[in-house]
Amino acid sequence: MGHQYELSRIEKLAESLGLLSDRSTGTSKQRQGTSGAVNRIAAPGELSSYPDPETWHEWVEYDSTGEPTEYSVVPTACFNCEAGCGLLTYIDKETGSIRKIEGNPEHPGSRGRNCAKGPATVNQINDPQRIEHPLKRDGPRGSGQWTRVSWDEALDDIAGEMREAIVADRGNEITYHVGRPGHEEYMDRVIQAWGVDGHNSHTNICSAGARAGYGLWHKYDRPSPDFANAEFILLLSAHLESGHYFNPHAQRIMEGMQDGGQLAVVDPRLSNTAAMADFWLPTQPGSEAAVLLAMANVILDEDLYDAEFVRNWVNWEQFLDEEFPDRERSFDSYIETIREVYAGFTPEFAAAESGVDADTIETVAQKVGTAGDRFASHIWRSAASGNDGGWQVSRTLHFLSVLTGSVGTKGGTAPNAWHKFDPHLPNEPPRQRLWDELQLPPEYPFAHYELSQLLPYFLKEGRGKLSVYFTRVFNPVYTYPDGFSWIEALTDEEKVGMHVALTPTWNETAYFADYVLPMGHSPERHDIQSQETHAGTWVTYRQPVLREYAEREGEDVEFTYEANPGEVWEEDEFWIELSWRLDEDGTLGIREHFESPYRDGDGDDPAKMTVDEYYRYIFEHEDNLVELAAEKDMTPLEYMKHHGAFEASENDYELHREPLDESILDADDVTVDEYGTIRRGEKPSSASASDGSDVLGVMVDGEPKRGFPTPTGKQQFYSRTMAEWGWDDLEYTVPHYLKSHVHPENVDYENGEMVLVPTFRLPTAIHSRSSNSKWLEEISHNNPVWLHTKDADRLGLETGDLCRVETEIGYYVNEVWVTESIKPGIAAMSHHMGQWKIDRPDNDESDVQEGGDPYGKVTVDLNTEAGRWGMRQVEGIHPFESDDSDSERVWWTDGGVAQNLTHAPHPDPISGMHCWHQKVTIRPAEADDYYGDIYVDTERSFEIYREWLAETKPAPGPDGLRRPKWLKRPIAPPTDSGADAGWFVDGPIGRPGRWDPESLSTTADEE
């Protein structure tokens, strides 16, 4: 089935009045806003307008009684999703506290508008159970016993452990694991200064599948759609409320639609986004690539493709040479060949796979084709993160952009790096010359990001250990699949020596740390952020607003924790101080990267860089910012502190067409190969041997152009790299359809099995950080199981009934919500709900009692025996006494169910992405089941991990490489030749002993 959006009577009236565009004709009747400025709803100076930036330090507002309040308005940026929207904090000058938070109209991405999560930041600041002082474990790990320590004590202890590991040549036992990124390259710089390969991230449970698909096309691993100027928009998944640039993208999608554009959404669930679309395509999970290839088939058959773009910018010659060498190497031959390759992907075939009717698929394909270079698309989590082979979904989606010539065009979809600020950093260290196989193991040479979700299993296999493990705004026990295996690893001190949790609030992972160090929320910290929200480049300055206010008032603040609540600090200063103490006398070569770029030291003692000096250096090296600040008689740092954001460029389109200086062709070491690729030096023997630095551009119609950072300088329709690494069938080397692990062939529907889609979230949820926000929790505090009416009737369930959802490794008990807004045979459940705290009796021996964000965390009892874990909720949400009078007005009792605990590990054998979709059996709850009950067998989870691991094709690959050089990886070692460079295999693969997968043991390296 498929659905075309029908206008309501109100919408038809709005169209007739010119308030909305006529979407039946695509005629634009009224344009709301532009991509470059805020469309104010009132004239400047009126009550509903934003205060002028010139008045921000002396701003007066009146309350309902007419009493004035004098504010200092300080900008910062939101930290509650990755969009980095601008915020204005209103600091009451009488009390010195943050009174409210609104949007920053100076921010080019959000333009003064925010979703609910931005203003709710004030709840997080005033969280009655927030952590305000450094805490150290004072009992067995996980016992809940803590004692308060000073920052000096914590820094010295942690630095000592790190120093011991580095001096003993065990630097790779230091790992920094990040959940919510924010710093633009800050931590890359810190980790490289340490000389370790210690970066780990949450990306392989978030977006690695989509990244791999995009990366195979052009190295850039995420899209930047120009929604506001698009004629047709295709979204896969809920997208907006799934949290990817929710607010900035929503604004621009609405602008595009109100200017005559149309929207289609592919999602088995009727999300809020799908409900507002012109076309809803509720696909069978995992069938999306088949649908997209059917659209490509229609575009090819109806000659709707952009022949100029495909001819000049796609590596079609290489495809014919490698896969069809007997055919004529001509563009017409290529078109005929791919028509044959995709001939089986008819709308009828896609309809059979997806359940979406063939006419709808064909209609959407024609809309895509006729939109041409104004076709914009996006996918992030959804199908790319849900399915085995999900990386082919984003790859086939981008295929539509390539066919229509909408890559980087106005109204099209650009590579993200075109719209990202790239800071110039002070005292930048060289890249590390180590390779950490505990994070990037040899089985996954194509993984764009670290296999972080498999860390507990790697530790269990004896692949290595961690001496110092940092988790920063990161909560794998709750967020990752099979969190109980994480608890097993974190409580084993032979596997994890010291666990340091850097977090603004208590969470399920911090309960199992040695140190819990309070880090600031968005108005309490420094960093910069830049995101691809539209066809321009901006950077926003997140700053500790109370510190900035104190300095405006003439106070001298050395460290941010002196101005924040309690002793809440920030990572920027923390890492500077830790790195300084780590290298006590400078002999490790670490201190030099944290010396002031502006001040000389005293004798042999160098001057330590301050956080202001770090950002001063970055901002002073952005020429456009220097010029803009000078116009306002400010330094660049002063400008960013006052305005909070800066737009470095706008209307960045078709950068691949930028001409190169033709003189490069005259250089002796520059050649042009048979594909038109301009490169320095000889053509490498394999695609994998090149790191891309030898490609200078590509010849187009006899002129040198910038092109793309790929082995051919073009869009890689054909991946020679995949073929060289053993994935040489067409279903891997070109955009194709791979049947998911939850394809109907693998699901026993006759015996009650279903597919669970757990990859959406509610737009008011903040990953694992909503539970300390009273406003957000009041709006959204449970996550029932969505069931279609047909499935509910089959199971004898009604809305509110309890059901048991049985997974491969256990089960959970939740209530049911019966709805027509989901595809029959599919269940769905939001994943950002169900946080918990451990039921602990008051412990008189502990100086500090663990907190738990009582607005959103339920209290549970944990039981474990021989790898079998049980959880039961013993107390729900309830009113409580605190300094906030609202805490006694809490009316809700539900906190949701932590479903991720029951999910088995599903690492995609190529991208490494955890495949979130689960094959489950749903049945009515049993007599002794209680709401929120959870059971998990971690031994069975380990077995499933091994089953998926067996599907990989490990390194080494061509030329003895660990992974293809040209594909992205975070904080990569240098790619120069030699085993110590990290890219080449030097003897057996393994760390620090040679890992033997057959015996699940290690054998010592030979001397």
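Bear in mind that the values here come from a model prediction, so they are computed numbers and not experimental data. (Residues numbered from 1 in each chain as written. Predicted model: local features only at pLDDT ≥ 70, side-chain atom pairs only at ≥ 80, totals over all residues. Heavy atoms only, no water.)

Attention now goes to unusual backbone geometry. A cis geometry characterises the amide bond from Ala955 onward to Pro956, with omega recorded as 10 degrees. With respect to the helices and strands, the residue Pro956 is situated in the loop between helix H28 (938–949) and strand S36 (994–996). Of note in this structure, Asp853 is not a glycine but carries a positive phi near 50 degrees. Positioned with a positive phi, Ile971 is a non-glycine residue whose angle comes to about 45 degrees. By the secondary structure assignment, Ile971 is in the loop between H28 and S36. The exposure class assigned to Ile971 is buried, which follows from its relative accessible area of 9%. (Helix = DSSP H or I, 4+ residues; strand = E, 2+ residues; numbered from the N terminus. Buried < 20%, exposed > 50% of the residue type's maximum accessible area, 1.4 Å probe, protein only.)

Judged by how many residues are buried, helix H23 (residues 636–643) sits mostly within the fold: seven of eight residues are covered. The set of residues buried in H23 consists of Pro636, Leu637, Tyr639, Met640, Lys641, His642 and His643. Elements that come into contact with the buried residues of H23 comprise strand S3 (68–77), strand S20 (536–542), helix H19 (545–552), helix H21 (611–620), helix H22 (623–631) and strand S21 (645–650). Gly644 sits one or two residues past H23 and shows a positive phi near 85 degrees. (Contact = heavy atoms within 4.5 Å.)

When the terminal C-alpha atoms of helix H6 (residues 246–258) are compared, their 18 Å separation across 13 residues agrees well with the 18 Å that a helix rising 1.5 Å per residue should span. With respect to burial, H6 is a largely interior element, twelve of its 13 residues being buried. Among all positions of H6, only Phe246, Asn247, Pro248, His249, Ala250, Gln251, Arg252, Ile253, Glu255, Gly256, Met257 and Gln258 are buried. Buried residues along H6 sit in contact with strand S10 (223–225), strand S11 (232–236), strand S12 (262–266) and strand S14 (375–379). A positive phi of about 105 degrees marks Gly260, the residue just after H6. (Expected span 1.5 Å × (residues − 1).)

Moving on, we come to the packing of helix H8 (residues 288–301) against helix H12 (residues 347–354). Between H8 and H12, the least distance of the axes is 9 Å, while the angle of their chain directions is 170 degrees. The angle between H8 and H12 places the two elements in the roughly antiparallel class. Facing H8, whose interface residues are Ala290, Val291, Ala294 and Val298, H12 presents Pro347, Phe349, Ala350, Glu353 and Ser354. Along the lines of polarity and charge, the residues of the contact of H8 with H12 split into seven nonpolar, one polar and one charged. (Axes fitted to C-alpha atoms, helices over the stretch in contact; angles between N-to-C directions. Parallel < 35°, antiparallel > 145°, perpendicular 65-115°, else oblique. Nonpolar A, V, L, I, M, F, W, Y, C, P; charged D, E, K, R; others polar.)

Moving on: the packing of aromatic side chains. Here a ring pair, both rings aromatic, is described through the centre-centre distance and the interplanar angle of the planes. Scanning all chains against the criterion turns up 55 aromatic pairs. Aromatic side chains Tyr220 and Trp418 sit 6.5 Å apart centroid to centroid with 80 degrees between the ring planes, which places their arrangement in the edge-to-face category. With a gap of 198 residues between them, Tyr220 in the loop between helix H5 (208–218) and S10 and Trp418 in the loop between strand S15 (413–415) and helix H16 (455–461) connect regions that are remote in the sequence. With respect to burial, Tyr220 and Trp418 carry one shared label: buried. Taking the centre distance of 5.3 Å and the plane angle of 85 degrees together, the rings of Phe474 and Tyr480 count as edge-to-face. (Phe/Tyr/Trp six-rings, centres within 6.5 Å; stacked < 30°, edge-to-face > 60°.)

Bringing the environment of Trp891 into the picture now. Among the secondary structure elements, Trp891 is positioned in the loop between strand S33 (868–875) and strand S34 (918–924). Each C-alpha atom, one on Trp891 and one on Glu778, is 8.3 Å from the other, the two residues being 113 residues apart in sequence. Beyond its immediate chain neighbours, meaning those up to four positions away, Trp891 contacts Glu778 and His781. One polar contact links Trp891 to Glu778, side chain to side chain, over a distance of 2.8 Å. (Polar contact = N/O pair within 3.5 Å; in protein donor to acceptor, adjacent residues only side chain to side chain.)

Turning our eyes to something else, we now look at the pattern of salt bridges. Counted under the stated rule, the structure contains 70 salt bridges. Where Arg339 meets Asp303, a salt bridge forms, and the shortest distance between an N and an O atom there is 2.6 Å. In this pair, Arg339 is assigned in helix H11 (residues 331–341) and Asp303 in the loop between H8 and helix H9 (307–313), connecting sequence segments 36 residues apart. A salt bridge links Lys714 to Glu317, with the nearest nitrogen and oxygen atoms 3.6 Å apart. Of this pair, Lys714 sits in the loop between strand S25 (703–705) and helix H24 (720–724) while Glu317 sits in helix H10 (residues 316–323), placing them 397 residues apart in sequence. Across the pair, exposure class does not vary: Lys714 and Glu317 are buried alike. The network of salt bridges with shared partners includes Arg547, Glu548, Glu551, Arg552, Glu573, Asp612 and Lys641. (Salt bridge = Lys/Arg side-chain N within 4 Å of Asp/Glu carboxyl O.)

A word on the sheet that holds strand S17 (residues 496–503). Overall, mixed pairing links the seven strands, which are arranged S7-S6-S18-S17-S16-S8-S9 in an open sheet. Each end of this open sheet is capped by a strand with a single partner; those strands are strand S7 (146–148) and strand S9 (199–201). Going from strand to strand, the sheet's axes swing by 20 degrees on average, the running direction of each strand aside. As defined by bridge partners, strand S16 (residues 466–472) adjoins S17 across six bridges and the pair is classed as parallel. Bridging across to S17, Phe470 finds its partner in Val500. Packing against the sheet, helix H4 (residues 186–194) makes contact with strand S8 (174–178), S9 and S16, and its axis sits at approximately 175 degrees to S8. (Pairing = 2+ DSSP bridges.)

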